[in-house]
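Structural features, examined
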Protein chains: 2
Amino acid sequence: MSTDICALCPVREHALCSCLSDEERVVLAGFCQRRRFTAGETVMWAGDESRICANLQSGVLKVVAATTDGREQIVSLVYPADFVGEPYATETAFTVTALSDAELCTFPRLLFERFLEEHARIENLLLQRTFKALNEARARMLTLARLSAGEKVASLLLEMAAQAGRCRCQLGLSEPVTFDLPMTRGHMADVLGMTIETVSRQLTKLKSAEVIVLSGARTVTIVDGNALKGRTMAA
Amino acid sequence: MSTDICALCPVREHALCSCLSDEERVVLAGFCQRRRFTAGETVMWAGDESRICANLQSGVLKVVAATTDGREQIVSLVYPADFVGEPYATETAFTVTALSDAELCTFPRLLFERFLEEHARIENLLLQRTFKALNEARARMLTLARLSAGEKVASLLLEMAAQAGRCRCQLGLSEPVTFDLPMTRGHMADVLGMTIETVSRQLTKLKSAEVIVLSGARTVTIVDGNALKGRTMAA
DNA sequence: CGAGGCATTGAGTCTGATCAATTTGAGTGG
DNA sequence: CCACTCAAATTGATCAGACTCAATGCCTCG
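Basis of the calculations
Here the residue numbers are simple positions, counted from 1 along each chain's written sequence. Written order determines the labels here, with chains lettered from A and ligands numbered from 1. Local features are withheld for residues below a pLDDT of 70 in this predicted model, meaning they are given only at 70 or higher, and side-chain atom pairs are given and counted only at 80 or more; totals for whole chains, interfaces and linings count all residues. Hydrogen atoms and water are omitted, and side-chain values are computed over all heavy atoms in the structure. Domain delimitation follows an automatic or database domain assignment. Here, residues are in contact when the closest pair of their heavy atoms is within 4.5 Å. Values labelled buried area give the accessible surface lost by two parts on being combined, using a 1.4 Å probe and summing over both. By definition here, a salt bridge exists when the distance from a side-chain nitrogen of Lys or Arg to a carboxyl oxygen of Asp or Glu is within 4 Å. Helix and strand definitions follow DSSP, with helices as H or I runs of at least four residues and strands as E runs of at least two, each counted in order from the N terminus. The classification used treats Ala, Val, Leu, Ile, Met, Phe, Trp, Tyr, Cys and Pro as nonpolar, Asp, Glu, Lys and Arg as charged, and all other residues, Gly among them, as polar. Only heavy atoms are used to decide nearness, and a residue is near a molecule or strand if one of them lies within 4 Å of it. Between N or O atoms, a polar contact is any pair within 3.5 Å; within protein, one atom must be a potential hydrogen donor and the other a potential acceptor, and residues adjacent in sequence are included only when both atoms are from side chains. At least two bridges found by DSSP between two strands are what make those strands a pair. Note on geometry: axes are C-alpha line fits, over the in-contact stretch for helices, and angles between N-to-C directions span 0 to 180 degrees.

Residue and element names in this part refer to chain A. When the domains of chain A are assigned, the result is domain 1 (2-144) and domain 2 (147-230). Taken over C-alpha atoms, the centre of domain 1 sits 27 Å from the centre of domain 2. Domain 1 puts 11 residues into the contact, and the matching count from domain 2 is 10 residues. Carbon and sulfur atoms make up 58% of the area that domain 1 and domain 2 hide from each other, which totals about 1100 Å². Viewed at the interface, domain 2 and domain 1 are joined by 1 salt bridge. One salt bridge connects Arg140 with Glu159, and the closest N-O pair in it is separated by 3.0 Å. Broken down by secondary-structure element, the contributors of at least two residues to the side of domain 1 that touches domain 2 are strand S5 (72-78) and helix H4 (120-146). Here the residues of the side of domain 1 that touches domain 2 are counted per class, giving 6 nonpolar, 2 polar and 3 charged.

In structure tokens:
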């Protein structure tokens, strides 16, 4: 039964558990619980007791840091096959919310910790992923602190194009690429540490410069990828 | 011989390796190499091949992200007993430089990886530390993106006071606390994503409000810790 | 005592936030 | 199929906070 569940898993090949043998997978599946969240629903609240870890199967989640007076910053976007949650933490550090409808494969934290300890390969992979997440967070610190509004928006566009291209096969920068933005202007602003208005103005500027084409609010075509990259200036 | 080295290690009790048995420590010490760096010297360069990991024994390091055109952001401060480097990464992600004279206990990356795989306890602890670093980076993202200059400086002052207090025993916020800033205005600006001038102006403002006293450029007394905390506003 | 790096202070500018008014567009129900 | 609704997005005008440029002051260490 449990192996059947994994057979249908859309991220079977890419999630952390892809390193497991069939037998190990049976053990893990034995205490996993699939859960669905609708867009806007919160998966875990900052400050709450940390009870679960999970793999994202479909949809997109945001990890949000907030001040006491309500200012918010998206500190990470979680895509399918990504891991969410923090083993060994008693308290949840940041609120995690579904940006779109999402499906998670959740594990009780304590059982997952036990599993990690008994399966060195998966623990090792989680370590590598966590370092990768750390590098991403640090790279974004540079973006947040030192790039101009225009540079921030250009960077995010390229990033989202790359993410979109991870599914469909991606062409180079010389060819026009069309894709749907996976988030609203408001979310883009929350990721980049700016306001909705400024994001919108920068997109308009890119449109006027004929670097991109906006077809409706959500669909973008990157006409001149090199020009867009030139507006980035980050390493 | 190797155990003697560790016996003199100033961070023996707090570094990653504190979880090891004497026998394990001998193995690890077998391929460690102690190295000294003078203030300003760079320990590893972003983009270079990743050859070492290390524990910091004394001094303070900075981890720096930079744009191609020279803008810089300090993405992490490394204190004694902290771990530096990235196992399993072929390339160094960020430049690491000594802020003060520093002593490192370095390990060749590949050997350290092998050691991790054979010693689950230490790998487990490294995982936990990496998650902690990730949480810190994410918390700082909020600071960089959403706090005002005044809030940023107040936060950093409290953080540095806490760090200073980790050595000497720290009093509560109601009592005045005096300590030396471990960095220049310039470094504070690099950490907070602002300019030297703005940092200086915010400190002057705090001095005028009699929240702090500045005795020379480097020594600070937090007179009214609660007022300082009140100027923070971050969660 | 002098030199040089840090730090402070001031004046002016500019980027991006704020406030406010439309416009667009997707979804709903008549 | 069209009008309606409501959220999202765009656009404009104004303002403030932080940056830039420039001058001066202050430690620290030869």
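Here we come to the protein's contact with DNA strand D. Contacts to DNA strand D come from 18 residues, most closely from A:Arg185, A:Ser200, A:Thr204, B:Ala149 and B:Thr198. Counting only the atoms of DNA strand D that lie within 4 Å of the protein, the sugar and phosphate share comes to 63%. The separation between a phosphate oxygen of DNA strand D and a polar side-chain atom of A:Thr204 is 2.9 Å. A distance of 2.7 Å separates a phosphate oxygen of DNA strand D from a polar atom in the backbone of B:Ala149. When contributions to the surface near DNA strand D are tallied by element, the ones reaching two or more residues are helix H6 (185-192) and helix H7 (196-208) of chain A together with helix H7 (196-208) of chain B. Looking at the surface near DNA strand D element by element, the count peaks at 5 residues for H7(A). Residue composition of the surface near DNA strand D, by class: 5 nonpolar, 8 polar and 5 charged.

Residue and element names in this part refer to chain A. Pairing within the open sheet is antiparallel, and its 4 strands lie in the order S2-S7-S4-S5. On the outer flanks of this sheet lie strand S2 (42-44) and S5, each paired with one strand and no other. Taken pair by pair, the neighbouring strands of this sheet meet at an average axis angle of 35°, ignoring direction. Bridge analysis of S2 against strand S7 (residues 95-98) gives 2 bridges, and the strand direction is antiparallel. The partner of Met44 across the bridge, within S7, is Val96. Seen against the sheet, H6 touches strand S4 (61-66) and S5 and runs at an angle of roughly 100° to S5.

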